Amino acid sequence: MRVTEVDIDSVRPYAGNPRVNSAAVDVIAESIRNYGFRQPIVVDRDMVIVCGHTRWEAMRRLGMRTIPCVIADDLTPEQAMAYRLDDNRSAEFSSWDMGKLTEELGKLGDAGYDLSTLSFTSEELESLLGDDDGDRKSEDEEDDGDGEDDAVCGDSGIDVREFGCVTLVLGDSDDGSVVESALGGKSPSAVVYSLLMLSETFQDRLSLESHIVRKVERIADMAAPGTPFYAIADGSSIASAVGSMPAFGVDVMGEVALPLAREVRLGGSLYDRSHVSVIYGWKRGGTPPFDGDGASSMPMCSHPEWSHCPPECITHTVSRHCGRDGVVANPLGGSGDVAAICMRVGQRCVSFHDDSDSFRAVCGRLAANGKG
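The rules behind the values
- Residues numbered from 1 in each chain as written.
- Predicted model: local features only at pLDDT ≥ 70, side-chain atom pairs only at ≥ 80, totals over all residues.
- Heavy atoms only, no water.
- Axes fitted to C-alpha atoms, helices over the stretch in contact; angles between N-to-C directions.
- Helix = DSSP H or I, 4+ residues; strand = E, 2+ residues; numbered from the N terminus.
- Parallel < 35°, antiparallel > 145°, perpendicular 65-115°, else oblique.
- Left-handed = near helix turned anticlockwise from the far one by under 90°.
- Contact = heavy atoms within 4.5 Å.
- Nonpolar A, V, L, I, M, F, W, Y, C, P; charged D, E, K, R; others polar.
- Buried < 20%, exposed > 50% of the residue type's maximum accessible area, 1.4 Å probe, protein only.
- Pairing = 2+ DSSP bridges.
- Lys, Arg positive; Asp, Glu negative; His and termini not counted.
- Salt bridge = Lys/Arg side-chain N within 4 Å of Asp/Glu carboxyl O.
- pLDDT = per-residue confidence, 0-100.
- Core = buried A, V, L, I, M, F, W, Y, C linked by side-chain atoms within 4.5 Å.

**Considerations on the packing of helix H5 (residues 122-129) against helix H8 (residues 205-222)**
At step 1: At their nearest, the axes of H5 and H8 sit 10 Å apart, and the two run at 20 degrees to each other. Taken as axis vectors, H5 and H8 run roughly parallel relative to one another. Regarding H5 and H8, the two cross each other, and that crossing is left-handed. Here Glu 124, Ser 127 and Leu 128 of H5 lie close against H8, whose contacting residues are Leu 206, Ser 207, Ser 210 and Arg 214.
At step 2: Class assignment of the residues belonging to the contact of H5 with H8 gives a composition of two nonpolar, three polar and two charged.

So this is what it looks like as structure tokens:
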């Protein structure tokens, strides 16, 4: 490979580039300013950019007059077009190992490196590195009291409601004592949670991944090797679903798309996706619980009146992996669809909610279902 330094004005952006890069230009420019230009762009025989639109624009913004290029004059126009698409698309398949990311950021911080110069927002850094001692009780604090179970003590802000086979918990699933108490010390038979619409609460994929890891890892710690995990996601949260699972010890096995019959409303907002995706995997160290490709027999969604989760999908999961004494754990309770479906089929379920408003809404929903 030969790298050639060329006049930056002799290079042209591809007019049909489908990738929108404007938001990243300042970030890349700052990176170049801090570390230098280390990665040549790729252009075709006509000096049209194949790979590197953002780096080229960042160099122009920095006032650079030349730019290192690899001239791919051996590519046909069709190959250049395909390479351009594949280069942009392939970046979307990578994900963070959240544990290693936190460790590396911690090392930089301990060495006195100014983390504000990185392309992470202050909110992301706080989420990844913030001291969570305030979010969880110390062991001594958990032992204090009058002998009541702190995990279900109303004075501690934790509330537990029983609706037949379903237990709703108002308390963080990132608190190990709450999780252990709610599950009665048992390992869950399956872990099922929905990320639909959740991505709109977070500014970026990394923040969402970090949130998922915090909410699921305590339950994952209690799960036996081989326990199945199902994350129901849409286009904006699939990457976060896939990227977060390895961080709490789950090997991702695959994805299956479940088409929706029509538009549905979520909390008053129109949800117009044509399908949802189920990302599935199993707790590392055990035998995969899936037969064949694992999801080929998963039923399609034919009941779009359900706000989040296709009921056939959850029913299918329950029937395959939970016996009479098994329990489904839902670390992200949301609108209560997983709990409601489990209630419908008589499956033991523990659903965690960290927001009192949604907790009360789901309580009302299950109470109404119980009377129906």
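There's plenty left to go through after this.
**Topic: the pairing of strand E8 (residues 228-233)**
Successive residues of a regular strand alternate their side chains across the two faces of the sheet.
At step 1: E8 sits mainly inside the fold: six of its six residues count as buried.
At step 2: In E8, alternate side chains face the same way, and those of Pro 228, Tyr 230 and Ile 232 on one face and Phe 229, Ala 231 and Ala 233 on the other are all buried.
At step 3: Taken together, the four bridges between strand E7 (residues 190-194) and E8 define a ladder with parallel strand orientation. Counterpart to Val 191 in the pairing with E8 is Phe 229.

**Details of helix H2 (residues 53-61)**
At step 1: Considered for burial, the residues of H2 that qualify are His 53, Thr 54, Arg 55, Trp 56, Ala 58 and Met 59.
At step 2: Phi for Gly 63, located one or two positions after H2, is positive at around 80 degrees.

**Some details on the sheet that holds strand E1 (residues 4-7)**
Backbone hydrogen bonds hold the strands of a sheet together, and the pairing may be parallel or antiparallel.
At step 1: Pairing in this open sheet of four strands is mixed, and the strands run E1-E4-E2-E3 from one edge to the other. Looking at strand neighbours, the two that pair on one side only are E1 and strand E3 (49-51), the edges of this open sheet. Each strand of the sheet is rotated relative to its neighbour by a mean of 55 degrees, with strand direction disregarded.
At step 2: Note: E1 against strand E4 (residues 66-71), four bridges, orientation antiparallel. Of the residues in E4, the one forming a bridge with Glu 5 is Pro 68.

**What about unusual backbone geometry?**
One can expect most non-glycine residues to show negative phi and most peptide bonds to be in trans.
At step 1: Phi is positive for Met 47, close to 65 degrees, though the residue is something other than glycine.
At step 2: Topologically, Met 47 is positioned in the loop between strand E2 (41-43) and E3.
At step 3: Since its relative accessible area comes to 16%, Met 47 is described here as buried.

**Focus on the side chain of His 53**
At step 1: With respect to the element layout, His 53 can be found in helix H2.
At step 2: Note on His 53: relative accessible area 12%, which makes it buried.
At step 3: Contacts of His 53, omitting those with residues within four sequence positions, involve Pro 13, Tyr 14, Asn 17, Asn 21 and Arg 84.

**Examining the side chain of Asp 44**
At step 1: By the secondary structure assignment, Asp 44 is in the loop between E2 and E3.
At step 2: An unpaired buried charge is present at Asp 44: no salt bridge exists, and Arg 84, the closest side chain of opposite charge, is 4.6 Å distant.
At step 3: Not counting residues within four places of it along the chain, the set of residues in contact with Asp 44 comprises Val 50, Ile 71 and Ala 72.

**A few points about the confidence of the model for the chain**
At step 1: Put simply, the chain has an average pLDDT of 78, and 74% of its residues get 70 or more.
At step 2: Scored below 50 in pLDDT, residues 132-156 makes 25 contacts in the model with residues more than four places away or belonging to other chains.
At step 3: Overall, residues 292-308 carries pLDDT values under 50, and its contacts beyond four positions in sequence, including any with other chains, amount to 53 contacts.

**Quick notes on the nonpolar core**
Across soluble globular proteins, nonpolar side chains show a tendency to be buried alongside one another.
At step 1: The biggest cluster of nonpolar side chains holds 41 residues, and the ones touching the most others in it are Tyr 193, Phe 229, Met 245, Phe 248 and Phe 352.
At step 2: Elements with a minimum of two residues in this core: helix H4 (98-110), H5, helix H7 (176-182), E7, H8, E8, helix H9 (238-244) and strand E14 (349-353).
At step 3: Per element, the largest residue contribution to this core is eight residues, and it comes from H8.
At step 4: Leaving out residues up to four positions away in the same chain, Phe 352 has contacts with Val 169, Gly 171, Ser 173, Val 178, Val 179, Ala 182, Ile 219, Asn 330, Pro 331, Leu 332 and Gly 333.
At step 5: Among the nonpolar cores identified, the runner-up in size contains 22 residues, and Phe 163, Leu 168, Cys 349 and Phe 359 belong to it.

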